[in-house]
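# Structural features, examined
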Amino acid sequence: MVLCSNFIFAMPLDTRKQIKMKVRVKIEHRSANLSYPVQVHVNNSLLEIAFEHPSDDITILITNSITGEIVYCERTTSFENIKFIYLDKCNRDEEYTLTISSPLWVAIGIIELE
């Protein structure tokens, strides 16, 4: 029992890593409450994007930070709370820039795959 529990607790079950996003919000009032409209996590080659307020007008763009090559580009046309993107075309040695934008805000973060 002890050996089994040591093995289970030694191996992390959730290996996803949160990506810090810099958000630029179009502010119409000084008293606007700034919240993060999107949270992004990466787990190996799977990118998970969670929207606070889903919209049908979101653009997701992933580019190679060094070469500027576009790896992934999508404009959503449905109200999705969570979006999953498999990053099978991305190299583990390189850094990628994730840009998520809507008519009201833009969020930018750096993806480093493990």
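Residues numbered from 1 in each chain as written. Predicted model: local features only at pLDDT ≥ 70, side-chain atom pairs only at ≥ 80, totals over all residues. Heavy atoms only, no water.

## Observations concerning a nonpolar patch on the surface
Nonpolar side chains collect at one region of the surface, where Leu46, Ile82, Phe84 and Tyr86 lie side by side and expose about 410 Å² of accessible area between them. For the nonpolar patch, the element with the most residues is strand 7 (residues 82-86), which contributes three residues. Along the polypeptide, Ile82 turns up in strand 7. (Patch = residues over 30% accessible without salt bridge, like charges linked within 9 Å, V, L, I, M, F, W, Y side chains within 5 Å. Areas by Shrake-Rupley, 256 points an atom, 1.4 Å probe, with all protein chains shown as cover. Salt bridge = Lys/Arg side-chain N within 4 Å of Asp/Glu carboxyl O. Helix = DSSP H or I, 4+ residues; strand = E, 2+ residues; numbered from the N terminus.)

## A closer look at the confidence of the model for the chain
With 79% of its residues at a pLDDT of 70 or more, the chain shows a mean pLDDT of 82. Confidence, read as mean pLDDT per element, is least for helix 1 (residues 2-10) in the chain (45) and greatest for strand 5 (residues 59-64) (96). Low pLDDT, under 50, characterises residues 1-11; the stretch is placed with zero contacts to residues that sit more than four places away or in other chains. (pLDDT = per-residue confidence, 0-100. Contact = heavy atoms within 4.5 Å.)

## Describing the sheet that holds strand 6 (residues 70-75)
Sheet architecture is open: five strands sit in the order 2-9-8-5-6, paired in antiparallel fashion. On the outer flanks of this sheet lie strand 2 (22-25) and strand 6, each paired with one strand and no other. Recorded for the sheet is a direction-independent mean angle of 10° between the axes of neighbouring strands. Here five bridges tie strand 5 to strand 6, and the two strands are oriented antiparallel to one another. Bridged to Thr59 within strand 6 is Arg75. (Pairing = 2+ DSSP bridges. Axes fitted to C-alpha atoms, helices over the stretch in contact; angles between N-to-C directions.)

## Let's talk about the nonpolar core
Grouped together as the largest cluster of nonpolar side chains are 21 residues, with contacts concentrated most on Val40, Leu47, Ile49, Leu87, Leu98, Ile100 and Ile111. Put simply, the parts of the chain that give this core at least two residues each are strand 3 (38-43), strand 4 (46-51), strand 5, strand 8 (95-101) and strand 9 (105-112). Those residues within four positions of Leu98 in sequence are excluded, and the remaining contacts are Met21, Val40, Leu47, Ile60, Leu61, Ile62, Ala107, Ile108, Gly109 and Ile111. (Core = buried A, V, L, I, M, F, W, Y, C linked by side-chain atoms within 4.5 Å. Buried < 20%, exposed > 50% of the residue type's maximum accessible area, 1.4 Å probe, protein only.)

## As for unusual backbone geometry
Although it is not a glycine, Asn44 adopts a positive phi angle of roughly 60°. On the secondary structure map, Asn44 appears in the loop between strand 3 and strand 4.

## A short note on the environment of Glu52
On the secondary structure map, Glu52 appears in the loop between strand 4 and strand 5. Counting along the chain gives 29 residues from Glu52 to Asn81, while the straight-line C-alpha distance between them is 7.2 Å. Side chain to side chain, Glu52 and His53 meet in a polar contact 3.3 Å long. (Polar contact = N/O pair within 3.5 Å; in protein donor to acceptor, adjacent residues only side chain to side chain.)

## Examining the pairing of strand 9
Across the two faces of strand 9 the burial differs, with Trp105, Ala107, Gly109 and Ile111 buried and Val106, Ile108, Ile110 and Glu112 not buried at all. Where strand 2 lies against strand 9, four bridges are found, and the strand directions are antiparallel. Within the sheet, the bridge partner assigned to Arg24 lies in strand 9 and is Val106. The pairing of strand 8 with strand 9 spans seven bridges and is classified as antiparallel. Bridging from a neighbouring strand, Leu98 pairs with Gly109 of strand 9.

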